[in-house]
Amino acid sequence: MRRASIQLLSHLTGRKTQKLIPLLSKNYISDVTSSSSSFKPCTKIHGLIFRNHQYQTNPSQNINTLVENPPQLSSRQRKIKEKSDLEEAFESAKTPEEMLQIFTQMEASFEETELGLASLKIGLKLDQQGEDPEQTLSFGNRALKVLDKHDRPSLLVAMCLQLMGSANYSLKRFSDSLGYLSRASRILSSLEEHGLGSVEDSRPVMHAVQLELANVKTAIGRREEAIEHLKKSLEIKELMLDEDSRELGVANRDLAEAYAAVLNFKEALPFGLKALEIHKNGLGHNSVEVAHDRRLLGVIYSGLEEHQKALEQNELSQKVLKNWGLSSELLRAEIDAANMQIALGKYEDAINTLKGVVEQTEKDSETRALVFISMGKALCNQEKIADAKRCLEISCRILDKKETVSPVQVAEAYSDISMQYETMNEFETAISLLKRTLALLEKLPQEQHSEGSVSARIGWLLLLTGKVPQAIPYLETAAERLKESFGPKHFGVGYIYNNLGAAYLELDRPQSAAQTFAVAKDIMDVSLGPHHADSIEACQNLSKAYSTMGSYTLAIEFQHRVIDAWESHGPIAQDELREAHRLLEQLKSKARGASTNQLPEKALPLPPTNLSGQSSQSDISLNRS
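Residues numbered from 1 in each chain as written. Predicted model: local features only at pLDDT ≥ 70, side-chain atom pairs only at ≥ 80, totals over all residues. Heavy atoms only, no water.

S.K.: Hey, could you run me through the overall build of the protein chain in this one?
M.R.: Counting its secondary structure elements, the protein chain contains 27 helices and two strands. Of all 625 residues assigned to the protein chain, the portion counted as buried reaches 49%. When contacts within the protein chain are restricted to residue pairs at least 6 apart in sequence, those whose partners lie at least 24 apart make up 62%. Element-wise, carbon and sulfur atoms account for 49% of the exposed surface of the protein chain, whose accessible area totals about 31,000 Å². (Helix = DSSP H or I, 4+ residues; strand = E, 2+ residues; numbered from the N terminus. Buried < 20%, exposed > 50% of the residue type's maximum accessible area, 1.4 Å probe, protein only. Contact = heavy atoms within 4.5 Å. Areas by Shrake-Rupley, 256 points an atom, 1.4 Å probe, with all protein chains shown as cover.)

In structure tokens form, the structure reads like this:
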């Protein structure tokens with residue numbers, strides 16, 4: 001759905017529009033039609049002339065009963081006619097090649113200031129076709145120089161900026177793309193706020209900008225922000241399209257997939273269900289779109305640990321895929337089904353499913369590798385460790401040959417295999433695979449969130465195996481990557497800081513540990529609530545860090561908070577509450593034996609920026625307090 005309409009541009013320039021034609025630039029909504037009835041025809045906008053070729057006011061001047069030779073045109077009249085003919089020919093051109101050929105002729109007759117709209121139209125057409133983004137960018141820049149002459153906001157300028165953002169995105173110049181698109185968004189917001197122009201005209205451009213912003217922010221790993229732009233683009237579509245539009249169904253599914261990609265399955269579910277409803281009503285139960293919706297819902301339900309519902313959706317999806325003969329997608333769906341059976345504890349069923357799939361795969365295919373990963377998982381759950389390892393080794397041999405061809409898919413597979421080795425307590429192998437995963441992801445800016453998660457897992461495993469100094473840089477990198485992707489208050493960032501604090505405490509750096517635990521607690525209080533078990537653990541760790549420093553007053557204060565939080569859980573947390581009281585009494589005993597000069601008056605401050613590479617900087621700021 002990366003298209004846009006030249007009709008909108010013709011509408012804005014006063015030409016009478018016909019029935020909807022395919023939109024020219026990427027990311028405009030193809031289902032939207034517009035009418036030019038609310039606009040009065042213009043004779044000239046920004047120098048590019050568009051005439052309506054009507055009879056003159058006095059009809060008698062248009063009727064001639066005598067056959068005469070046509071009057072000789074003056075030089076000026078000839079030039080006007082030549083320009084008019086070129087304009088008509090340009091407007092009639094259907095392909096980029098035709099438009100470029102006529103535009104070359106126009107350059108000889110028109111001033112540069114008269115070619116703004118024509119440059120924009122060519123740029124939009126090239127962008128729609130996906131041809132030569134450098135040339136697209138050149139025409140977009142040329143149009144912008146002509147049209148962006150005034151300080152007031154303009155829809156045409158916003159269209160130029162969207163075009164340049166799209167071209168830069170295609171060229172992987174993400175920073176430049178983000179700059180153009182952000183300015184386009186500000187202009188469109190200003191137009192809407194001040195009631196300037198037609199809402200019907202601006203909405204397709206607003207949609208294009210929001211969708212392109214989602215693409216760019218996904219490409220640079222800022223997934224949470226990308227989702228917000230996807231939501232806005234969907235809201236705009238809902239205002240423009242019929243509620244049963246197939247395109248609206250696809251947009252809902254895209255948003256559900258985006259949420260699922262960041263493991264936010266709760267938010268993904270309603271959009272996945274909406275997509276299914278739209279496609280069932282419009283296309284019937286046996287459509288490919290419905291099959292895709294059901295397969296996605298299977299993934300979402302699995303993420304919500306509603307594995308029976310997941311399996312039901314998967315089976316319905318498989319029936320449709322089988323009817324349509326989509327063998328490749330069917331095999332992937334069967335692997336998904338096997339993973340759902342494993343989650344339900346149906347290991348023999350899963351193995352039988354996978355045996356059927358492996359017979360249909362090629363020897364060195366990625367699909368075959370995925371089959372053996374799932375087979376290994378089932379066998380591991382049956383405690384057939386040797387057989388499980390053989391399956392995983394086969395999978396790794398296949399994946400090793402695919403690293404350059406499908407780096408994202410291979411990285412995901414390595415990560416999955418490493419988790420199985422963790423389950424088997426093969427930590428060195430798990431770490432080795434995760435490092436291979438990280439090497440692939442570091443080359444892919446759009447996978448920044450995955451890079452952060454993998455770094456966090458490596459750091460945690462290194463902590464677990466006693467390699468604390470090696471763990472710290474991985475944890476620090478993970479925190480920075482996930483903050484950039486999901487924001488500084490995401491609960492995942494809190495978990496990483498909790499582990500980082502544990503690492504500092506293990507290295508006998510209690511001040512750094514206390515500061516880091518404080519960050520973890522602050523994040524978890526916001527994202528999970530102060531009475532969540534993980535938030536309580538962060539508070540408990542903070543109390544431990546202050547105790548290690550000999551700061552018993554503060555340690556006792558935070559231990560009281562731990563007790564209050566566990567008390568809110570009621571009888572189910574009696575064991576935790578009893579342990580918290582034991583630790584409090586222990587702290588009081590230590591405090592009675594401590595000298596007063598060991599008791600600081602205030603807690604350590606939170607770091608002003610970040611904790612990446614904080615070893616020396618943290619200690620300096622702490623000593624000042």
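S.K.: Help me out: how do you make sense of the packing of aromatic side chains in this one?
M.R.: Think of a pair of aromatic rings as described by two things: how far the centres are apart, and how the planes are tilted against each other in angle. Applying the stated criterion across every chain yields a total of five aromatic pairs. Ring plane angle 5° and centroid distance 5.8 Å describe the contact between Tyr546 and Phe558, whose orientation is recorded as stacked. With Tyr546 in helix 24 (residues 533–549) and Phe558 in helix 25 (residues 552–567), this pair connects stretches of sequence that are 12 residues apart. The side chain of Lys83 reaches across the aromatic face of Phe110, ending 4.9 Å from its centre. (Phe/Tyr/Trp six-rings, centres within 6.5 Å; stacked < 30°, edge-to-face > 60°. Lys NZ or Arg CZ within 6 Å of the ring centre and 35° of its normal.)

S.K.: Before we go on, may I ask you to explain helix 17 (residues 385–400) in this structure?
M.R.: Given 3.6 residues to a turn, an α-helix orients residues that are three or four positions apart in the same direction. Taking 1.5 Å as the rise per residue, helix 17 with 16 residues should run 22 Å; its terminal C-alpha atoms sit 22 Å apart, in good agreement. Where helix 17 is concerned, the buried positions are Ala388, Cys391, Leu392, Ser395, Cys396, Ile398 and Leu399. Viewed along the axis of helix 17, the buried residues span an arc of 160°, placing them on a single side of the element. Of the surrounding secondary structure, the elements contacted by the buried residues of helix 17 are helix 16 (366–381), helix 18 (407–423) and helix 19 (427–441). (Expected span 1.5 Å × (residues − 1). Arc of directions from axis to C-beta.)

S.K.: Can you walk me through the environment of Tyr552 in this structure?
M.R.: Within the secondary structure, Tyr552 sits in helix 25. As a C-alpha pair, Tyr552 and Arg592 span 40 residues in sequence and 9.2 Å in three-dimensional space.

S.K.: Would you take a moment to explain the side chain of Ser415 for this structure?
M.R.: Mapped onto the elements, Ser415 comes out in helix 18. The exposure class of Ser415 is buried, given its relative accessible area of 15%. Side-chain polar atoms of Ser415 contact the side chain of Arg457, separated by 2.7 Å. If we ignore the near neighbours within four places in the chain, the residues touching Ser415 are Leu434, Thr437 and Arg457. (Polar contact = N/O pair within 3.5 Å; in protein donor to acceptor, adjacent residues only side chain to side chain.)

S.K.: I tried to follow the side chain of Asn498 on my own but got confused; where do I start?
M.R.: Tracing the chain through its elements places Asn498 in helix 22 (residues 491–506). On the accessibility criterion, Asn498 (6% relative accessible area) is buried. Residues within four places of Asn498 in sequence aside, it is in contact with Phe517, Ala520, Glu537, Ala538 and Asn541.

S.K.: Even after reading the chapter, I still don't get the packing of helix 7 (residues 174–193) against helix 8 (residues 199–219), so can you show me in this structure?
M.R.: Two numbers describe a pair of packed helices, the interaxial angle and the distance between the axes. Running from N to C, helix 7 and helix 8 point in directions that differ by 150°, and their axes come no closer than 9 Å. In terms of axis orientation, helix 7 runs roughly antiparallel to helix 8. Handedness of the crossing formed by helix 7 with helix 8: left-handed. In this structure, helix 7 uses Phe174, Ser177, Leu178, Leu181, Ser182, Ala184, Ser185, Leu188 and Glu192 to contact helix 8, whose residues at the interface are Ser202, Val205, Met206, Val209, Gln210, Glu212, Leu213, Val216, Lys217 and Ala219. Taken together, the residues that form the contact of helix 7 with helix 8 break down as 11 nonpolar, five polar and three charged. (Axes fitted to C-alpha atoms, helices over the stretch in contact; angles between N-to-C directions. Parallel < 35°, antiparallel > 145°, perpendicular 65-115°, else oblique. Left-handed = near helix turned anticlockwise from the far one by under 90°. Nonpolar A, V, L, I, M, F, W, Y, C, P; charged D, E, K, R; others polar.)

S.K.: Explain the confidence of the model for the protein chain here, please?
M.R.: Note that predicted coordinates carrying low pLDDT should not be read in detail. This prediction gives the protein chain a mean pLDDT of 83; 83% of its residues lie at or above 70. Contacts from residues 28–67, a stretch scored under 50 in pLDDT, to residues over four places away or in other chains number 85 contacts. Low pLDDT, under 50, characterises residues 608–625; the predicted model gives this stretch 34 contacts beyond four residues in sequence or across chains. (pLDDT = per-residue confidence, 0-100.)

S.K.: Can you walk me through helix 7 in this structure?
M.R.: Spanning 20 residues, helix 7 covers 28 Å between terminal C-alpha atoms, matching the ideal 28 Å at 1.5 Å per step. All buried positions along helix 7 are accounted for by Phe174, Ser177, Leu178, Leu181, Ala184, Ser185, Ile187, Leu188, Ser190 and Leu191. Check the buried side of helix 7 and you find it contacts helix 6 (155–170) and helix 8. A positive backbone phi angle near 65° is found at Gly195, which sits one or two residues after helix 7.

S.K.: Explain the nonpolar core to me, please; I cannot follow it from the model alone.
M.R.: Note that soluble globular proteins tend to have their nonpolar side chains buried in a common cluster. Core analysis: the biggest nonpolar cluster contains 114 residues, and Ile300, Leu399, Ile417 and Tyr497 have the highest contact counts within it. It is helix 25 that contributes the most residues to this core, nine residues altogether. (Core = buried A, V, L, I, M, F, W, Y, C linked by side-chain atoms within 4.5 Å.)

S.K.: Explanation requested: the environment of Glu305 in the structure shown.
M.R.: Inspection of the secondary structure puts Glu305 in the loop between helix 12 (288–303) and helix 13 (307–323). Along the sequence, Glu305 and Phe265 sit 40 residues apart, while their C-alpha atoms lie 9.9 Å from each other.

S.K.: Honestly, a negative patch on the surface in this entry has me stumped. Any pointers?
M.R.: A contiguous patch of negative charge on the surface is contributed by Glu97, Glu98, Glu131 and Asp132. Its place among the elements puts Asp132 in the loop between helix 4 (116–129) and helix 5 (133–147). (Patch = residues over 30% accessible without salt bridge, like charges linked within 9 Å, V, L, I, M, F, W, Y side chains within 5 Å. Salt bridge = Lys/Arg side-chain N within 4 Å of Asp/Glu carboxyl O. Lys, Arg positive; Asp, Glu negative; His and termini not counted. Charge placed at Lys NZ, Arg CZ, Asp CG, Glu CD.)

S.K.: Any chance you could explain unusual backbone geometry here in plain terms?
M.R.: Among all residues except glycine, the phi angle is most often negative; among peptide bonds, the trans geometry is most common. One non-glycine residue with positive phi stands out, namely Glu383, at about 65°. Its place among the elements puts Glu383 in the loop between helix 16 and helix 17. With a phi close to 60°, Asp508 is a non-glycine residue in the positive phi region. Within the secondary structure layout, Asp508 lies in the loop between helix 22 and helix 23 (510–527).

S.K.: How do you make sense of the pattern of salt bridges when you look at a structure like this?
M.R.: Between side chains of opposite charge, a pair can form when the charged atoms approach closely. Applying the stated criterion across every chain, the model contains 32 salt bridges. Between Arg436 and Asp400 there is a salt bridge, with its nearest N and O atoms 2.8 Å apart. Of the two residues, Arg436 is situated in helix 19 and Asp400 in helix 17; the sequence distance between them amounts to 36 residues. Among the residues examined, Asp400 registers a relative accessible area of 44% and is labelled partly exposed. With its nearest N and O atoms 2.3 Å apart, the salt bridge here joins Asp522 to Lys489.

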